[in-house]
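Listed below are the residues making up each chain.
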Amino acid sequence: MDAHEPLNDIDRLKQENSELRARLADLETIIMRMPVPIAISEDAESTKIEVNPAFAALLGIDTDMNASLMGESAADLPFHVYRNGKRVAGREMPQQRASRTGREVHDELEIVRDDGVHYFIYGSAKPLFDEEGQVRRTFSAFVDVTERKRAEKALEESMQALHHANEELQQFAYAASHDLQEPLRSIGSYAQLLQRRYADDAEASEYAGFMVDGVARMSTLIHDLLVYSRVGSGALRRRPAALDNALQWGLLNLERSIREQNATVTYDTLPELIVDEGQISQLFQNLIGNSLKYRATLPPLIHVSADEAMDEWIITVRDNGIGVDPKFHQHIFGVFKRLHGREVPGTGMGLAICRRIVESHAGRIWVESDGKNGSAFRFALPK
Ligand code: ADP
């Protein structure tokens, strides 16, 4: 045939046909070689399904076993399919659903093979239509999400274990500190009894006095430990609350001390936030109480201010006290951590309690001080 001679219709059709065949063959090769599990139905009802080698390998079947994977013979197949832990019947498979509904179906399935291997796959099944808009066949493509599911499950399990351990620890701390109070109270009573009984024996009553002091100290320690474990356990009673109010309550409990120290407490307008008001007033009480306790020679000047940031409020309690050496800025927020001896009463729990309160509100607390000119205890609470 002369290359310049126009093609007749039959020749043109022949050529188009062979081009189409070549394209189809290419497409088939691509599908067969794809590392992605792909399935194509041979019929509109999706009773006969052909899978590519990637899918066959995942299912543990031969590629030439293009059986009716979803039909009656499904029971004979060497794997079972689950959705959310429930066995999936043949007619509920993604392609079958796509056949019935004429819509794309997204699905996450677990394939459990008879040899014990199992996979999680995620993907979708799609109907293909004829010219009249009737479903002609369906196809599906999946990705193997087994690793992701495994990682998610492991993470969830360890989160649960952590949560459980944490809860047990809280309960333990609460029960221990609560149950310790009882015997301590009786030791205290008997020590006082001895003190009275041997009032005329100087040595005996001095020893009994040490016991009474020791018991009182231990009782305060246990009380603070109890507060600490209570703050961390149980649900927060959160509701919209004006922080000014919480501050007022805190100040009310410090009234006497403020007067005795000749202290001045001032404050700006504070925001309204969704918080556990009781806990926030405890927080203010602890911080302002410390500003009164760790005063310098000048009468205490304490100011509470609020700064609005993008998604949080930062509250500052600033004082003109003795300050905190920068090398102890982290340390002082620890349980039973204090920088002072018996000359200043305290258990070293106050700031640990503050930190717990703030953190249970998803906030942060820190101190700014050069160790000389007072300190600023600051906490940030989300809006
Ligand atoms: P406590 O007051 O019972 O010792 P806290 O946990 O409240 O326990 O405080 C820990 C330590 O931090 C205190 O011992 C003190 O040394 C230091 N501190 C706390 N608040 C202030 C403050 N406003 N100024 C200076 N030092 C402070």
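Residues numbered from 1 in each chain as written. Predicted model: local features only at pLDDT ≥ 70, side-chain atom pairs only at ≥ 80, totals over all residues. Heavy atoms only, no water.

J.: Looking at this structure, how should I read the overall build of the protein?
T.: Looking only at helices and strands, one finds eight helices and 14 strands in the protein. Relative to the globule expectation of 21 Å for 383 residues, the C-alpha radius of gyration of the protein, 38 Å, shows a markedly less compact shape. Dimensions of the protein, computed from the C-alpha atoms along their principal axes, are close to 130 × 50 × 35 Å. Considering the protein as a whole, with its 383 residues, one finds that 36% of them fall into the buried category. Working note: accessible area of the protein is about 23800 Å², and carbon and sulfur atoms make up 53% of it. Positive and negative side-chain charges in the protein, numbering 44 and 58 respectively, have mean positions lying 6 Å apart. (Helix = DSSP H or I, 4+ residues; strand = E, 2+ residues; numbered from the N terminus. Rg over C-alpha atoms; globule rule 2.2 N^0.38 Å. Buried < 20%, exposed > 50% of the residue type's maximum accessible area, 1.4 Å probe, protein only. Areas by Shrake-Rupley, 256 points an atom, 1.4 Å probe, with all protein chains shown as cover. Lys, Arg positive; Asp, Glu negative; His and termini not counted. Charge placed at Lys NZ, Arg CZ, Asp CG, Glu CD.)

J.: Hey, could you run me through the side chain of Ser291 in this one?
T.: By the secondary structure assignment, Ser291 is in helix H7 (residues 277-293). When neighbours within four sequence positions are excluded, Ser291 is seen to be in contact with Pro300, Ile302, Val317 and Asp319. (Contact = heavy atoms within 4.5 Å.)

J.: Whenever I open this one, the sheet that holds strand E12 (residues 312-319) confuses me. Can you help?
T.: Two strands in a sheet stick together by hydrogen bonds in their backbones, pointing the same way (parallel) or opposite ways (antiparallel). The five strands lie next to each other as E9-E11-E12-E14-E13, forming an open sheet whose pairing is mixed. Of all the strands in the sheet, the pair left with one neighbour each is strand E9 (264-267) and strand E13 (364-368). On average, each strand axis in the sheet is inclined to that of its neighbour by 15 degrees, with strand direction left out of account. Bridge analysis of E12 against strand E14 (residues 376-382) gives seven bridges, and the strand direction is antiparallel. The partner of Thr316 across the bridge, within E14, is Arg378. Here H7 sits on the sheet in contact with strand E11 (301-308), E12, E13 and E14, set at roughly 25 degrees to E12. (Pairing = 2+ DSSP bridges. Axes fitted to C-alpha atoms, helices over the stretch in contact; angles between N-to-C directions.)

J.: Please clarify how the site of the ligand should be interpreted in this entry.
T.: Surveying the vicinity of the ligand reveals 21 residues, the closest of which are Tyr294, Arg338, His340, Gly348 and Leu351. Taking Asn290, its side chain carries an N or O atom lying 2.9 Å from an oxygen atom of the ligand. For the ligand, an oxygen atom lies 2.8 Å from a polar atom in the backbone of Gly348. Secondary-structure elements contributing two or more residues to the shell around the ligand are H7 and helix H8 (350-360). Looking at the shell around the ligand, the element that brings in the most residues is H7, giving three residues. Taken together, the residues of the shell around the ligand sort by class into eight nonpolar, nine polar and four charged. (Near = heavy atom within 4 Å. Polar contact = N/O pair within 3.5 Å; in protein donor to acceptor, adjacent residues only side chain to side chain. Nonpolar A, V, L, I, M, F, W, Y, C, P; charged D, E, K, R; others polar.)

J.: What should I look at first to understand the packing of aromatic side chains in this one?
T.: Aromatic rings considered in pairs are described by the distance between their centres and by the relative angle of their planes. A full pass over the atoms with the stated rule returns three aromatic pairs. A centroid spacing of 5.7 Å and a plane angle of 65 degrees characterise the contact between Phe55 and Phe142, whose relative ring orientation is edge-to-face. With a gap of 87 residues between them, Phe55 in helix H2 (residues 53-59) and Phe142 in strand E7 (residues 135-144) connect regions that are remote in the sequence. The exposure classification of Phe55 matches that of Phe142, with both residues buried. Ring geometry for Phe284 versus Phe379: centroids 5.8 Å apart, planes at 65 degrees, classification edge-to-face. Of this pair, Phe284 sits in helix H7 while Phe379 sits in strand E14, placing them 95 residues apart in sequence. Side by side, Phe284 and Phe379 carry an identical accessibility label, which is buried. (Phe/Tyr/Trp six-rings, centres within 6.5 Å; stacked < 30°, edge-to-face > 60°.)

J.: Before we go on, may I ask you to explain the environment of Ala202 in this structure?
T.: Structurally, the position occupied by Ala202 is in helix H5 (residues 202-232). The class of Ala202 is exposed, set by a relative accessible area of 61%. For the pair Ala202 and Ala173, spaced 29 residues apart in sequence, the C-alpha separation works out to 39 Å.

J.: Help me understand a nonpolar patch on the surface, please; the structure alone is not making it clear to me.
T.: A surface patch of nonpolar side chains, about 370 Å² in accessible area, is lined by Leu24, Leu27, Ile30 and Met34. Relative to the helices and strands, Met34 resides in the loop between helix H1 (9-33) and strand E1 (38-41). For Met34, a relative accessible area of 31% translates into the label partly exposed. (Patch = residues over 30% accessible without salt bridge, like charges linked within 9 Å, V, L, I, M, F, W, Y side chains within 5 Å. Salt bridge = Lys/Arg side-chain N within 4 Å of Asp/Glu carboxyl O.)

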